[in-house]
Amino acid sequence: IIQGFLQKFKPEIQGLSNAAVTGTIELYTKCGDELLPTPTRPHYTFNLRDVSKVFQGLLMVKPLHVQNSDSFTRLWFHELSRVFCDRLICDEDKDWFFKTASELLKARFRILDVDPEVWNAIIWCDYLR
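Residues numbered from 1 in each chain as written. Predicted model: local features only at pLDDT ≥ 70, side-chain atom pairs only at ≥ 80, totals over all residues. Heavy atoms only, no water.

Colleague: What am I meant to see in unusual backbone geometry here?
Modeller: Excluding glycine, a negative phi dihedral is what most residues carry, and trans is how most peptide bonds are arranged. The backbone phi angle of R110 is positive, close to 60°, even though this residue is not glycine. With relative accessibility at 70%, the residue R110 sits in the exposed group. (Buried < 20%, exposed > 50% of the residue type's maximum accessible area, 1.4 Å probe, protein only.)

Here's what the structure looks like:
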């Protein structure tokens, strides 16, 4: 679905569809394996609906707003944060999320600089809806 959707975008962005899919699934798997529910965190249950929410967010963007691969990568990271990190309640879990997402940015998207101040800033929103 994402590959077909990205056909309207520049070729450099179209090439990121596999990275977005594999990166999202890897993060989902790691969250399910390492962020287990406990009595203090019973809402730490992750399912495939979370994966679909990431892609639902990606599918809402227009080519006009994503001019290059860096913008798409930031959008992908934002959607991961919105779906997975917003659910986390303690700083230790949020730090784990950022470390894991940073590894995926380096491995899947070949991003070298993953400064938390830059990547954790809110960058995508839609005020018109």
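The rest of the description comes next.
Colleague: Quick question: what am I supposed to make of the nonpolar core here?
Modeller: Soluble, globular proteins show a tendency: their nonpolar side chains are buried together. By size, the foremost hydrophobic cluster in this structure holds 38 residues, and its most contacted members are F46, L58, F72, W76, F84, F97 and F109. Among the elements of the structure, α1 (2–5), α3 (17–34), α4 (48–58), α5 (69–83) and α6 (91–108) are those that each provide at least two residues to this core. Once residues lying within four places of it in the same chain are set aside, the contact partners of F84 are L27, Y28, C31, F46, D50, V54 and F97. (Core = buried A, V, L, I, M, F, W, Y, C linked by side-chain atoms within 4.5 Å. Helix = DSSP H or I, 4+ residues; strand = E, 2+ residues; numbered from the N terminus. Contact = heavy atoms within 4.5 Å.)

Colleague: Can you walk me through the packing of α3 against α4 in this structure?
Modeller: A pair of packed helices can be characterised by two numbers: the angle between their axes and the separation between those axes. Axis separation between α3 and α4 bottoms out at 10 Å; the angle between their running directions is 145°. For the pair α3 and α4, the crossing hand works out as right-handed. Counting all contacts with α3, which are made through A20, V21, T24 and Y28, the residues of α4 involved are L48, V51, V54 and F55. (Axes fitted to C-alpha atoms, helices over the stretch in contact; angles between N-to-C directions. Left-handed = near helix turned anticlockwise from the far one by under 90°.)

What is shown is where atoms sit, not what they do.
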